[in-house]
Amino acid sequence: MTLKKLCWLILVLFFGIIVFINSPKDFTDLGGDSAQYIILAESIAKGLGFKAINLPSAPFFYHFPPLFPLILSFIIYFFGRNFYLMHILISFFGFLGLFSFYLLFKKYTGRKSIFLIFLLMTNLAFILYSSFYILSDVPYFFFSGFTLYFLFLYINKKDVISKEALFFVLGLILSYFTRYVALTLFFASIFALYFLDSSGKKWRKIIFVSLSFLIPFLIWQIISYFFSSSAISEYSKQFFLIDPYRPYLGTITKHPQAVFTRFITGINYYYSILPKAFGILFIKRGTFWNELFSFIFLSLILLGIWVSIHTKQRYCFFYYFFLYLFLIILWPFKEGLRLLLPVLPFFYFYLFKGVEKIFQKRVFSLSFFSILFFINLITLSHIPSFKKQPPPLKNFILIHQWIKKNLPDKGIIASRKPTVTYLFTQHKSIIYPFSSPQGIWEKIKKEKVKYIIIDEFSCQTYHYLLPFLYKYKKNLKLLYRIGNTGIFEVIRR
C-alpha cells in the first residue's frame, strides 16, 4: 500500500468514526433552517410541490433553493423522518467535498495537499456541520469544490465545449440550486476565465458559461414569480434592512451610511471569530488572547495572499474567495462559522502559504501545523448533544413534546422558531412579528393564531413578546410551563 493510499484510508476511517459517534439519531438543531429543509423535503415527497407546508397558506417557497430538499425527499419518501440517514447523507457530501478540494489543491501544492485535507477534516466547524446539522452548507461545500476543480481544468483546456466544460457548468448550476450564494461563484468564474485563460478563446468560453448558467437561473426566477410574485422581493428585503431583528430602523436605501457601518461591523465580526475557524475555542471574543490569535491568523493569511500575488501564482479560486467574503461581510445576518465553511479550505491554503514564507525550513512549518492539528483533535470534544444543551433549549424541546401529546387540535402556533414547532408538533406555525404589542396582536388576529410559545433563549422574546404579554394578558391563558418556557392559548373576547 502506497503512502497516499494509507493516508486516505486513515482519513476515511477517522472521519467515519467521528461521524458515527456524533451524528444524532433525533432532531436537536433549533436553528430553524434544518427544520425548514426537512419540511420542504416532506412536501416534495408527498407530491405537494416545493411548498412551506408549515405555514398556514402553504406557499411556494423561494427563500431556499430546491436541490437540497429534493435530495432529502428521497430519504423521507422511502424511510420517513430518519434523521440519522439524513446526517449520514450530509457527512457523505462532506467527504466528497474533502476529496474535491484535495484534487483542487493538489494542482497547486502537490503532495502537500493531503496535509491540508487532514487539517480540514479535523476542523470542528467542518465536523460539526458534517455530522450534527441537516443544512445545505456541506452539500454546497462539495458542489463548490467540484466546480472549482473543473474550473481549473477548463481554464487550462483549449476547447470551448469539452468534458471539463460540461462538468464545470453542471457544478455551477448545482451549486446555485443548493445555495443562492453561488452567484459569487458564477461571477468569480467569469473573472477567472477572463484573467487566467490563455487559450485565445476566453470570450467564447465566457459566453458559453454565461448562457449555460443564466438560462436555468432565469427559468427559476420566472417559475418563482409565476407561483409567488412577492417571493423574490420578500427575500431581497432582508438584505436591505438595516437590522432584520429591528425592522423599525428602516432600510439601507434610506440610510446609505448604514452600508459602511454594516461593512465595518462585518469585518470586525469575522475577524473576531477567526481563531474559532481554526479550532481555538478556549478563548472568548473580546479578550486579549482572542485579539492576539485573530491578528496572528489574519497576518499569516494576508502574507500567504501577498506571496501568491507577488510570485504571480494564479489560483482559480482567488476571485471567488474575495467575492464570497465580501458578500457575507455585507450580509445582515451573522451566523458564526456556518457562513465561513465554504471558504474555510482557502483560509487553510493561504495560511499554509504564509507559514511557509515565514518558516523557510519545513520542520518548523510542520511543527506549526502539527500543533494546530492537535488543537483540532482536542476541540472535537466540544461537539454538542442534547445532554449538553443549556436548560432554555432543552425546555423549548420539552414544551413541544407536551404540545404534541396534549394539544391534538391543529391550531396555529406563533413561535420564535416556527419551523421547529411544526416539525415537532405538526401544528401550522408562524413567527411573531418583531413589532409593537399592537402589531403582534393584529398579526395573531389576521392569521387566526390559537397558541403562543414563550421561549427563554431568544432576545426577541424579551424585546417584543414580553411587552405583548403584559398588555394583552387578559387575552392569554397559560396552559403549560417548563422553567420560563411556556405555551399560552389565545382567548378572543
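Residues numbered from 1 in each chain as written. Predicted model: local features only at pLDDT ≥ 70, side-chain atom pairs only at ≥ 80, totals over all residues. Heavy atoms only, no water.

**Focus: the overall build of the protein chain**
Thought 1: When you go through the protein chain residue by residue, the secondary structure sums to 21 helices and five strands.
Thought 2: Computed over its C-alpha atoms, the radius of gyration of the protein chain comes to 24 Å, within 12% of the 23 Å expected for a compact globule of 493 residues.
Thought 3: Projected onto its principal axes, the C-alpha coordinates of the protein chain cover approximately 75 × 50 × 50 Å.
Thought 4: Counted over contacts in the protein chain with a minimum sequence separation of 6, partners at least 24 positions apart contribute 70%.
Thought 5: Taken as a whole, the protein chain presents about 23,200 Å² of accessible surface, with 68% of it coming from carbon and sulfur. (Helix = DSSP H or I, 4+ residues; strand = E, 2+ residues; numbered from the N terminus. Rg over C-alpha atoms; globule rule 2.2 N^0.38 Å. Contact = heavy atoms within 4.5 Å. Areas by Shrake-Rupley, 256 points an atom, 1.4 Å probe, with all protein chains shown as cover.)

**Some words on helix α9 (residues 183-196)**
Thought 1: When the terminal C-alpha atoms of α9 are compared, their 20 Å separation across 14 residues agrees well with the 20 Å that a helix rising 1.5 Å per residue should span.
Thought 2: For α9, the set of buried residues is Thr184, Leu185, Phe186, Ala188, Ser189, Ile190, Ala192, Leu193 and Leu196.
Thought 3: Its buried side turned inward, α9 meets α7 (137-155), α8 (163-176), α10 (202-227) and α15 (318-330). (Expected span 1.5 Å × (residues − 1). Buried < 20%, exposed > 50% of the residue type's maximum accessible area, 1.4 Å probe, protein only.)

**Quick look at the environment of Tyr133**
Thought 1: For Tyr133, the location among the structural elements is in the loop between α6 (124-131) and α7.
Thought 2: For Tyr133, the contacting residues outside a window of four places in its chain are Asp29, Ser34, His87, Ile90 and Leu128.

**Structural notes on the packing of helix α4 (residues 83-109) against helix α16 (residues 344-358)**
Thought 1: It is at 12 Å that the axes of α4 and α16 come closest, and there the two elements cross at 25 degrees. On the basis of the axis angle, α4 is roughly parallel to α16. Two packed elements cross with a definite hand, and for α4 against α16 that hand is right-handed. In this structure, α4 contributes Phe101, Leu104, Phe105, Tyr108 and Thr109 to the contact, and α16 contributes Pro345, Phe346 and Phe349.
Thought 2: Class assignment of the residues belonging to the contact of α4 with α16 gives a composition of seven nonpolar, one polar and no charged. (Axes fitted to C-alpha atoms, helices over the stretch in contact; angles between N-to-C directions. Parallel < 35°, antiparallel > 145°, perpendicular 65-115°, else oblique. Left-handed = near helix turned anticlockwise from the far one by under 90°. Nonpolar A, V, L, I, M, F, W, Y, C, P; charged D, E, K, R; others polar.)

**What about the packing of aromatic side chains?**
Thought 1: For the structure shown, the criterion picks out 79 aromatic pairs.
Thought 2: With centroids separated by 5.9 Å and ring planes inclined at 50 degrees, the aromatic side chains of Phe263 and Phe326 adopt a geometry described as tilted. Of this pair, Phe263 sits in helix α12 (residues 257-272) while Phe326 sits in helix α15, placing them 63 residues apart in sequence.
Thought 3: Taking relative accessible area as the criterion, Phe263 reaches 26% and is therefore assigned partly exposed.
Thought 4: Geometry around Tyr194 places Lys202 over its ring, the cationic atom sitting 4.3 Å from the centre.
Thought 5: The side chain of Lys205 reaches across the aromatic face of Tyr154, ending 4.7 Å from its centre. (Phe/Tyr/Trp six-rings, centres within 6.5 Å; stacked < 30°, edge-to-face > 60°. Lys NZ or Arg CZ within 6 Å of the ring centre and 35° of its normal.)

**Here we look at the side chain of Ser131**
Thought 1: Within the fold, Ser131 resides in helix α6.
Thought 2: Excluding residues that lie within four positions of it along the chain, Ser131 makes contacts with Val19, Asn22, Ser23, Pro24 and His87.

**Structural notes on the environment of Ile264**
Thought 1: Among the secondary structure elements, Ile264 is positioned in helix α12.
Thought 2: A relative accessible area of 34% places Ile264 in the partly exposed class.
Thought 3: C-alpha of Ile264 to C-alpha of Thr147: the two residues are 117 residues apart in sequence and 31 Å apart in space.

**Overview of the sheet that holds strand β3 (residues 449-454)**
Thought 1: The strand order β2-β1-β3-β5-β4 describes an open sheet built from five strands, whose pairing is mixed. Lying at the two open borders of the sheet, with one neighbouring strand each, are β2 (429-430) and β4 (476-482).
Thought 2: Most of the contacts of helix α21 (residues 459-471) go to β3, to which it runs at about 125 degrees, and overall it touches β3, β4 and β5 (485-490). (Pairing = 2+ DSSP bridges.)

**Considering the nonpolar core**
Thought 1: Ranked by internal contacts, the top residues of the largest apolar core, which has 150 residues, are Leu104, Val209, Phe278, Phe317 and Phe346.
Thought 2: Broken down by element, this core gets its largest block of residues, 14 residues, from α7.
Thought 3: Excluding residues within four positions of it along the chain, Phe346 makes contact with Phe101, Leu104, Phe105, Leu148, Phe317, Tyr320 and Phe321.
Thought 4: Ranked by size, the runner-up nonpolar core spans 19 residues in total, among them Phe434, Leu465, Phe468 and Leu469. (Core = buried A, V, L, I, M, F, W, Y, C linked by side-chain atoms within 4.5 Å.)

No statement about biological role is implied by the geometric values presented.
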